[in-house]
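Chain residues, written in single-letter form:
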Amino acid sequence: AAKDLPGVKELFARHAAKMTKRKRGDIYKYITPDYYGLRDEEDGVLLELEGEMEGMNQKRLRAAREEYREMKKQAHNNNNHGGDGGEEEDDGGSSEEDEVFFTGLANGIAAQDAVPSQEVVAQVLLKKKRDELLNRFA
C-alpha cells in the first residue's frame, strides 16, 4: 500500500541505483603501493628517524653490556677475595663465555644477529644445571 503512494517508487529506484554491487576490480582500482607501505622510505624521513633510533638503541645496549661486565667482574672479585676456602673458585671461564656473547657488538653486528652457537648454549645450560645442583646440596 505505501509503495503505491506518489514519489515512493522513485525513492526506492534511487536507493537501488546507489546500492549497485561493486566488483573486485573496482575495489582494488584505488589501492596503490602507498596502501601497503611500499613507498614509506622514498622521502627519507622515515630512514632518518630509524637511523637515530638505531643509534640510541646501540648506545643503550653498549651501556647495558658494560654494566653487566662490571657486575660480573665485581662478583668474580668478591668470590675470589671473600671466599672461605670451601667454595669452588671460578676458573675464568665466565669471561670467555661473556666474550662469546658480546663479540657481536665489538664486530659491529647488531644484537639480534649475534646468536650464540649450539655449543655455547649447551655449555651455559650445563653450567646452570651444575650450579643448581651445587646450591641444592650445599
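Everything numeric in this text was worked out from a predicted model, so none of it was measured.

Asker: Would you mind going over the overall build of the protein chain in detail, with residue names and values included?
Answerer: Along the protein chain, the regular secondary structure elements total five helices and zero strands. Walking the protein chain from its N terminus toward its C terminus, one meets helices and strands in the order α-α-α-α-α. Looking at the protein chain as a whole, 6% of its 138 residues qualify as buried. Here the protein chain displays about 12,400 Å² of accessible surface, and carbon together with sulfur accounts for 54% of that area.

Asker: With reference to specific residues and values, describe a negative patch on the surface.
Answerer: On the surface, D40, E41, E42, D43, E50 and E54 cluster together into a patch of negative charge. Locating D40 in the fold gives a position in the loop between helix 2 (24-28) and helix 3 (45-81). The exposure class assigned to D40 is partly exposed, which follows from its relative accessible area of 39%.

Asker: I'd like a rundown of the pattern of salt bridges, residues and numbers included.
Answerer: Under the criterion given, the structure shown has three salt bridges. A salt bridge links D34 to R39, with the nearest nitrogen and oxygen atoms 3.8 Å apart. Residue R39 is classed as partly exposed on the basis of its relative accessible area, which comes to 38%. The residue E66 makes a salt bridge to R69 at a minimum N-O spacing of 3.4 Å.

Asker: Requested: an account of the packing of aromatic side chains, with residues and values cited.
Answerer: Under the definition given, this model contains one aromatic pair. When the centroid spacing of 5.1 Å and the interplanar angle of 85° are considered together, the rings of Y35 and Y36 count as edge-to-face. Each member of the pair, Y35 as well as Y36, is classed as exposed.

Asker: How would you explain the confidence of the model for the protein chain if you had to name every residue and give the values?
Answerer: The share of residues in the protein chain with pLDDT of 70 or more is 72%, and the mean pLDDT across the chain is 77. Looking across the protein chain, the model is least confident in helix 4 (residues 93-106), with a mean pLDDT of 50, and most confident in helix 5 (residues 118-137), with 92. Contacts of residues 85-93 to residues separated by more than four positions or lying in other chains number four contacts, the stretch itself having pLDDT below 50. Throughout residues 103-107 the model reports pLDDT below 50, and contacts reaching past four residues in sequence, or to other chains, amount to four contacts.

What counts, and at which threshold
Residues numbered from 1 in each chain as written. Predicted model: local features only at pLDDT ≥ 70, side-chain atom pairs only at ≥ 80, totals over all residues. Heavy atoms only, no water. Helix = DSSP H or I, 4+ residues; strand = E, 2+ residues; numbered from the N terminus. Buried < 20%, exposed > 50% of the residue type's maximum accessible area, 1.4 Å probe, protein only. Areas by Shrake-Rupley, 256 points an atom, 1.4 Å probe, with all protein chains shown as cover. Patch = residues over 30% accessible without salt bridge, like charges linked within 9 Å, V, L, I, M, F, W, Y side chains within 5 Å. Salt bridge = Lys/Arg side-chain N within 4 Å of Asp/Glu carboxyl O. Lys, Arg positive; Asp, Glu negative; His and termini not counted. Charge placed at Lys NZ, Arg CZ, Asp CG, Glu CD. Phe/Tyr/Trp six-rings, centres within 6.5 Å; stacked < 30°, edge-to-face > 60°. pLDDT = per-residue confidence, 0-100. Contact = heavy atoms within 4.5 Å.

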